[in-house]
Every structure is written in C-alpha cells, then in structure tokens.
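# Summary of structural features
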Amino acid sequence: MSWFEKLMPSKIRTDATGKRAVPEGVWIKCDSCNAVLYRSELERNLEVCPKCSHHMRIGGRRRLETFLDEEPRIEIAAEVEPVDALKFKDSKKYKDRLVASQKSTGEQDALIVMRGQVKGLPLVAAAFDFRFMGGSMGSVVGERFIRAVNTCLQDGIPLVCFSASGGARMQEALFSLMQMSKTSAALAKLSRRGIPFISVMTDPTMGGVSASLAMLGDINVAEPKALIGFAGPRVIEQTVRETLPEGFQRSEFLLDHGAVDMIVDRREMRDKLANVLTMMQRKAAP
Amino acid sequence: MSHDGQYMNPDFLDFEQPIAELEAKIEELRYLTDDSDININEEVGKLQAKCKTLTESIFSKLTPWQTAQLARHPRRPYTLDYIEHIFTDFQELHGDRSYGDDPAIVGGLARFNGQPVMVIGQQKGRDTKEKIRRNFGMPRPEGYRKAKRLMEMAERFQIPILTFIDTPGAYPGIGAEERGQSEAIARNLFVMSELKTPIICTVIGEGGSGGALAIGVGDRTMMLEYSTYSVISPEGCASILWKSAEKASDAAEALGITSERLKELGLIDEIIPEPLGGAHRDFDSTCKNIRDALSSALDRLQSSSIDKLLDQRYHRLMSYGNFKEGQ
C-alpha cells in the first residue's frame, strides 16, 4: 500500500490487490503497457495496442476476417469435426473439454480455414484459435490443414497459415503426433508443385506445431514479440537449471538466429504478404 | 538400496524384484553344488521352472507404466548394440556439415544380409560418462540435420534407410532452441515423406514425441514388444493434465503408449516379439527377431516400384486421424 493510500479513510480505499475492475466490454487494459484502451479503437487497430504496439492474441476467425478481403470468402473443411475416439480422460474427460471449448469459442476445433483473396490475390488462409484448447493440434486441425493444402494444389493458389498453438493435443495421444508428419508431408507436396506457403507465427507457436507446419514456410514470418520455440521456457529452465536470457524464444531472438525471415506488424500483414506473394508467383504488384 | 528391507538388484526394475530374488537363490544353490557332495540339481531345476512361471506371470499382465519402465531399462540394448550384431561393415559417418556432430544420433553405412543400407538411430549411453556424452539420447538440431544429410545421401545412391528410435525426446536446451530445434525436426518430416528409397523405422526403446518422429517417417513402422511410442512422456503428461508427475501410470494408461495398443489403433504396422523378461534377457534372440522382421519388410518394400512406394507412404500419412464429417 502506498503512503497516499494509507492516508485515505478506509471507506474510500479501493482494493488494489484484486484484479483491476474494468467494465466488461467498453474498456480493455493492455497486458503490456497497462494503458486503458477503448475497445472499438483497439478493434480498429486489429487488437494491437495503439500506445505501445503490443500484439494481443486474436481469435482464429477474427484473424482471417481481418486478413482477407471482404469478398469473396468461403470456409473450407468446416465439416471436419472432432471425436473422442480414445475415450481419453485425465482430470477431465476430453469430450467435456471439447464441449467447453466449443461453447466458449463458437468453433468446432482449433483451426479455421478460408479460401479468399488478399488485395485481390486468391489464396487459402488458415488460422489457429489459441482459445480452443491452447490451439492444440489434433486430428481435426491436421485434416483441415490437409484440405487447405489440397485446395491450394487443386487451384494452384498459395497458402498462408497463422499459427497460435501450444503444440500437439495430448488428449489424442499418438494420433496428434502423427499430425506433424501428415501436415509436413502435405507441405512437401505443395512445395514440389512450386506453390508458395507463408507461415506466420504468432504468440505462442510451440511444440509439435512449431516442429512441423509452422517452421516449413517458404517464408517464415513472425508477429512482434511472439513466443516461438520447440520446448516451453519452463521445461528448458528445469532441464538446464539456468535462468533464460531476456527475450529468449521471442520473435526478435528467432530473427537474430536465422529462424524467421521477417517480423511483420499485424497492421501491415496484408500489404507485406500480398507484396511477397505476387513476387513469388511472378505476378504484377498488387 | 533397499526393497522390503532386502538388497535390491539394480539390474532389475521394481516389479521384477521377485524374479531377481529367485535368480539370486538359484545362483547360490549352483555355487553350493560346485563344492559339496549333495546333489541339488533337482532343486535348482525346480527353482528355475518356478522362476520361469513367475516371470511369465509378471510379464503377462504388465501395465503400460511398467512397459514404459522396461523401455528405459538400464540393461536394455541400444542402437549401437543392434548395429553391431545385426549388420556388418558398419562405417559410422559424422557431422551435419554446418555446426557439429551430435553423439545422441549415430548413423552410417552398413551391410544388412550383405546389402548396403543406411542405418540411423538415437544412441543412449551405458555408464555415466557415456550417458552425458550421448546426452541421454536426446538429440540436438545438428543430430537431426546429420540424420537428414545421411538420408538424402541414401536416396542419392538408392540405398534403403533403416532407423532405430530410442529417445526420451529432442533436447530442450538453450543452444538447441538457438540453432532451430523445431525447424530441424520439421524439415526431417518434410524430407522423409518424399525420399525416393524404402524407409523402415523401428522403435527399440523409448519413442519420445517429435524427437522420435524426426527419424520416424517411412514406409513401415515397427516396435519391439516392450518399447513405447508417445506424443509426450507419461510424466510430462501427468504433470500437465493431472498437475502431478505422480500420476504417470494413469497417464501411461490413457496415452496408450504400448506396441499392442498402437497396433490395435493402426498406428504401427508390426510388433517384434521380445524374449521372456525383455530384450536384454536374451539379446541374441532379440537380434534374430529384429533381423527377421527387417528382412521380410525390406523384401516386400523393395519388390514394389519407388513411385508406388511413395504413393503408399503419402496416403498412409494422410490417413492418420480420427474425426467425423458433419454438415
């Protein structure tokens, strides 16, 4: 408690230890600079803090809606839905976890795919939804990704994928591990056909997703300050018994170490990707 | 170390201690036979039969967690043990050509039934010094990149690739992250899916997640009977989902990490039987079983054209997954 708060009569003292009560809906506090922001302004700014440029996490569907041109847009592979084939149960049933995530996000699983255009350039875009079980990759994510690739192969149009994932979905056991080889094999086919794939890694991109489709872009892009890596920072700390250096596994660290081609601000994503994609396809500037 | 107040044999796991005790008793009796007139051969024979029955009964109802422990058994044969016994003319090849050589992955040219092959596998260490040198079988990016280099060489010279999987996982370290652990693993999955040569992957101990899969994409996946293959270690899964590493045995059960379960689920093609008590109890017969399985798999794969093989490999990869098609 500060000296100023101590001076205040207890009646008008507010509880500073609890979570700052921000009215639901209208105001949002930036996780990074603590600035209190007007929600509609933040939305207009694509969930990037106008004060400090902190990139907040963004849902999969909203990601695609802000990335693609308004028209045309067709969702792909929405018919692929999860099942609990293994009857997996930890402290909770997998089935219940699925239902809870479906309710809270309004999505069937953690990857959403759409065929659309960016500045008039036709492409397929996929986006992970981190709110859906940590954006974990199970059979549905893998299969939807494959169908995205297949559309690209069929129509000869590029693929862009926005990753946000903690890794493989443990509740699908070895089936989820196999999604790593499944998605990577499909990308190999896309690559052989000379169709561009741009992987955009957003906060966070870890484990089985980073160790498969996310690192396999012809161009690897990262959003600023995103956590990207194979092993989680806590696991590494426990293994090496050292404190991790400042900025470890952040986008800027990956750029320094040669793992990504560029860091792109979300507000410039459309322009930058349309620009490189047209060059990769030997087309006129968008 | 004590077990019920008695000496515990470090060459045996917890649940194997009754076997260890019986075997110790048999040894004692044998010693007696040497320098006494009493004929106790009959007694020894009885005890041996009893020991076999006991072992059979313990091994007939192994829990997945016990299998996980067997897969990590301190006496379990490692990749180089098999290479030495199943192959001839092994010539180890080192280095990824850009950073270093990772002793946690070994690889090289060898002959299998006289035929040149490329053998690659994770390698654990037997004693403390060697364990550290091999980093407990946890590869770093340079290990995976060495493996990729060797596999691409094999493709170039039309030599089949045989991999042996035995790792707790890819190494979670600072340097490994700096040098792109994720990319190294991802690249191997990408490359292996299209290599124009037969690939046979055999899990011989621990198949630890992405670190195992990074040399595990191929035309045929086989598992030694008491090996495991999992998306995460039972301990890791327990500490995340149950918030307690103590629940490892529950996690092992739920994850279905055993060869039997994975065969049922269609995620592996073949189980290679192990002798009673596990691979280390009869190394020669384990080698024979592996050799037989590799021989027939290799014959089958080599009888089909490369195009057909690649097509089958691709379709198999695409078939992995459980989902439903809604509206």
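As shown above, the structure is provided for reference.
To keep things clear, this report deals only with the structure shown in the data block. Computed from a predicted structure; not experimentally measured. (Residues numbered from 1 in each chain as written. Chains lettered and ligands numbered in written order. Predicted model: local features only at pLDDT ≥ 70, side-chain atom pairs only at ≥ 80, totals over all residues. Heavy atoms only, no water.)

### Here's the deal with the layout of surface pockets
Residues and elements named next belong to chain A. Counted as a void, the second largest pocket has a volume near 430 Å³. Met56, Arg57, Ile58, Gly59 and Arg131 are, among the 28 residues lining the second largest pocket, the residues nearest its centre. When residues of the lining of the second largest pocket are traced back to their parent elements, those giving at least two are β1 (27–29), α2 (39–44), α3 (60–67), β6 (121–128), β7 (159–165) and β8 (197–205). Its residues assigned to classes, the lining of the second largest pocket comprises eleven nonpolar, four polar and 13 charged. (1 Å grid on protein atoms, 1.4 Å probe; cavity = no way out; pocket = protein on both sides within 12 Å on 5 of 7 lines; lining within 4 Å. Points joined across faces, edges and corners; volume = space filled by probe spheres on them. Helix = DSSP H or I, 4+ residues; strand = E, 2+ residues; numbered from the N terminus. Nonpolar A, V, L, I, M, F, W, Y, C, P; charged D, E, K, R; others polar.)

### Some remarks on empty space enclosed by the protein
A full pass over the atoms with the stated rule returns four cavities of 30 Å³ or more. Roughly 100 Å³ of volume is contained in the largest cavity. For the lining of the largest cavity, the secondary-structure elements that each account for two or more residues are α9 (251–256) of chain A together with α7 (174–178) and α8 (181–192) of chain B. When grouped by side-chain class, the residues that make up the lining of the largest cavity number six nonpolar, five polar and three charged. Computed from the structure, the second largest cavity encloses a volume of approximately 80 Å³.

### Details of helix α2 (residues 41–60) of chain B
Residues and elements named next belong to chain B. Here α2 contains 20 residues, and its C-alpha end-to-end distance of 28 Å stays within 8% of the 28 Å for a straight helix at 1.5 Å per residue. Those residues of α2 not exposed but buried are Val44, Leu47, Cys51, Thr55, Ile58 and Phe59. Mapping the buried residues of α2 onto a view down its axis gives an arc of 95°, with all of them on the same face. Turned more than 90 degrees away from the buried face of α2 sit Glu42, Lys46, Lys50 and Ser60, all of them exposed. (Expected span 1.5 Å × (residues − 1). Buried < 20%, exposed > 50% of the residue type's maximum accessible area, 1.4 Å probe, protein only. Arc of directions from axis to C-beta.)

### Digging into a nonpolar patch on the surface
Residues and elements named next belong to chain A. On the surface, Val26, Trp27, Val36 and Tyr38 cluster together into a nonpolar patch covering about 360 Å² of accessible area. Mapped onto the fold, Val36 is located in strand β2 (residues 36–38). By relative accessible area, which is 42% here, Val36 ends up partly exposed. (Patch = residues over 30% accessible without salt bridge, like charges linked within 9 Å, V, L, I, M, F, W, Y side chains within 5 Å. Areas by Shrake-Rupley, 256 points an atom, 1.4 Å probe, with all protein chains shown as cover. Salt bridge = Lys/Arg side-chain N within 4 Å of Asp/Glu carboxyl O.)

### Side note on the interface of chain A and chain B
With 57 residues of chain A at the interface, the matching set in chain B holds 47 residues. Carbon and sulfur atoms make up 70% of the area that chain A and chain B hide from each other, which totals about 4700 Å². Run the count over chain A and chain B and you get two salt bridges. The salt bridge involving B:Glu325 is made with A:Arg147; its shortest N-O contact spans 2.4 Å. When residues of the side of chain A that touches chain B are traced back to their parent elements, those giving at least two are β4 (80–82), α5 (139–155), α6 (173–192) and α8 (233–240) of chain A. (Contact = heavy atoms within 4.5 Å. Buried area = accessible area lost by both parts, 1.4 Å probe.)

### A few points about the pairing of strand β5 (residues 111–118) of chain A
Strand residues, when the strand is regular, have side chains that alternate between the two faces of the sheet. Residues and elements named next belong to chain A. Most of β5 sits inside the fold, with six of its eight residues counted as buried. Note that strand β3 (residues 74–76) and β5 share three bridges and pair antiparallel. Bridge assignment links Ile76 to a residue of β5, and that residue is Val113. Of the strand pairs in this sheet, β5 and β6 are connected by eight bridges, and their pairing is antiparallel. Considered in β6, the bridge of Ile112 is made with Ala127. Here β5 hands over to β6 after two residues, with Lys119 in that stretch at a positive phi of 50°. (Pairing = 2+ DSSP bridges.)

### A short note on the pattern of salt bridges
Tallying each qualifying case throughout the model produces 42 salt bridges over all chains. Notably, a salt bridge pairs A:Asp271 with A:Lys119, separated by 2.7 Å at the nearest N-O pair. Note that A:Asp271 is positioned in helix α10 (residues 269–280) and A:Lys119 in the loop between β5 and β6, a separation of 152 residues in sequence. Given the relative accessible area of 42%, A:Asp271 is considered partly exposed. The salt bridge partner of B:Lys52 is B:Glu56, with a shortest N-O separation of 3.1 Å. Taken together, the residues span about one helical turn, with B:Lys52 and B:Glu56 both in helix α2 at a distance of four residues. Its relative accessible area of 49% is what places B:Lys52 among the partly exposed residues. Classification of B:Glu56 by relative accessible area gives partly exposed; the value is 37%. The network of salt bridges with shared partners includes A:Glu79, A:Glu143, A:Arg147, A:Lys182 and B:Glu325.

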